[in-house]
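# Secondary and tertiary structure notes
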Amino acid sequence: LFGTKEWAPYNFNFMSGCSNDCTYCYAKEMAIRFKRKTSDTWKDEEPVSMKGKSFCKRDGRIMIPSSHDITPGNIDLALEVMSKLLENENELLIVTKPHFSCVKRIVDQFEDFKSAIQMRFTIGSVSDDVLKLWEPGATGFDDRLKSLRYAYEHGFSTTISAEPLLDEMPDALYDALHPYVTGSIWI
């Protein structure tokens, strides 16, 4: 298994484009290559059609999202999609470069579903300068750490993806994050 299948057998996306505009993004490269977006329009988030999308129970965890992020610009749609999936008894792996305002809404709204949710926060550096270089539209380290702590303190399963690892040595990153991680740290 490779790619998103390492983490979950299914994925669910509800946007085209991502305001994080990460330099290394595979989804951005694919969208540009297949002429669905340009390098200039990739950062414009546009909802995809929900026509034909299935929210039914699946046999295995659903990674949401896999080709964009959950941001203040799409959090309302994200909550709607997650609600439908959870109401049908699905298990979710929520993957995000977290915005605290979004994580707070997810945690607060889905408190009763926390046993069906694992949160995976993408945090590849403790340096805001490094994060801003590679992930220009994403949040800084403090917002990501605050998000991780909030989910952890509210009893959610928490994991980390430091993929890609943006620091030469992961010691400071590991030391800052591991007290709030209930599962794995992917490097």
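Just so you know, these numbers come straight off a predicted model, no measurement behind them.

### Brief notes about the nonpolar core
In terms of nonpolar packing, the biggest core is built from 42 residues, with Ile-64, Ile-70, Met-82, Ile-106 and Met-119 touching the most fellow members. Elements with a contribution of two residues or more to this core: strand 4 (62–64), helix 2 (75–87), strand 5 (92–96), helix 3 (100–109), strand 6 (117–122), helix 5 (141–153) and helix 6 (171–177). For this core, the element with the most residues is helix 2, which contributes eight residues. When near neighbours in sequence (up to four residues on either side) are disregarded, Met-82 contacts Ile-64, Ile-70, Leu-92, Ile-94, Ile-106 and Phe-110. Listed in part, the six residues of the second largest apolar core include Cys-18, Cys-25, Ala-27 and Ala-31.

### Brief notes about the packing of aromatic side chains
Aromatic ring pairs are defined here through the distance separating the ring centres and the angle between the ring planes. Under the counting rule described, the total for this entry stands at five aromatic pairs. Ring geometry for Tyr-152 and Tyr-180: centres 5.8 Å apart, planes at 80°, overall edge-to-face. Of this pair, Tyr-152 sits in helix 5 while Tyr-180 sits in the loop between helix 6 and strand 8 (185–186); the two residues are 28 residues apart in sequence, bridging distant segments of the chain. One cation-aromatic arrangement involves Lys-53 over Phe-12; the distance from NZ or CZ to the ring centre is 4.7 Å. When the ring centre of Phe-55 is taken as reference, the NZ or CZ atom of Lys-84 above it lies at 5.0 Å.

### A closer look at the sheet that holds strand 6
Spatial ordering of the open sheet is given by 1-4-5-6-7-8, a layout of six strands whose pairing is parallel. One side of each edge strand has no neighbouring strand; the edge strands of this open sheet are strand 1 (10–11) and strand 8. In the sheet, strand 1 pairs with strand 4 via two bridges, with the strands oriented parallel. Looking at strand 4, one finds that Tyr-10 is bridged to Ile-62.

### What to know about the pairing of strand 7 (residues 157–161)
It is a general feature of regular strands that their side chains alternate between the two faces of the sheet. For strand 7, the tally of buried residues reaches four of five residues, placing the bulk of the element in the interior. The sheet contact formed by strand 6 and strand 7 spans five bridges and is parallel. By the bridge assignment for strand 7, Gln-118 is matched with Ser-157. Summarising the sheet, strand 7 and strand 8 pair through two bridges and their orientation is parallel. Among the inter-strand pairings, Ile-160 is bridged to a residue of strand 8, identified as Ile-185. Handedness of the crossover joining strand 7 and strand 8 through helix 6: right-handed.

### Description of helix 1 (residues 26–33)
Every buried residue of helix 1 is listed here: Ala-27, Lys-28 and Ala-31. Seen from one end, helix 1 has its buried residues packed into an arc of 100°, which puts them on one side. Just downstream of helix 1, Lys-35 is the residue with a positive phi angle, here 60°.

Reading the values: rules and limits
- Residues numbered from 1 in each chain as written.
- Predicted model: local features only at pLDDT ≥ 70, side-chain atom pairs only at ≥ 80, totals over all residues.
- Heavy atoms only, no water.
- Core = buried A, V, L, I, M, F, W, Y, C linked by side-chain atoms within 4.5 Å.
- Buried < 20%, exposed > 50% of the residue type's maximum accessible area, 1.4 Å probe, protein only.
- Helix = DSSP H or I, 4+ residues; strand = E, 2+ residues; numbered from the N terminus.
- Contact = heavy atoms within 4.5 Å.
- Phe/Tyr/Trp six-rings, centres within 6.5 Å; stacked < 30°, edge-to-face > 60°.
- Lys NZ or Arg CZ within 6 Å of the ring centre and 35° of its normal.
- Pairing = 2+ DSSP bridges.
- Right-handed = clockwise from strand over helix to strand, strands pointing away.
- Arc of directions from axis to C-beta.

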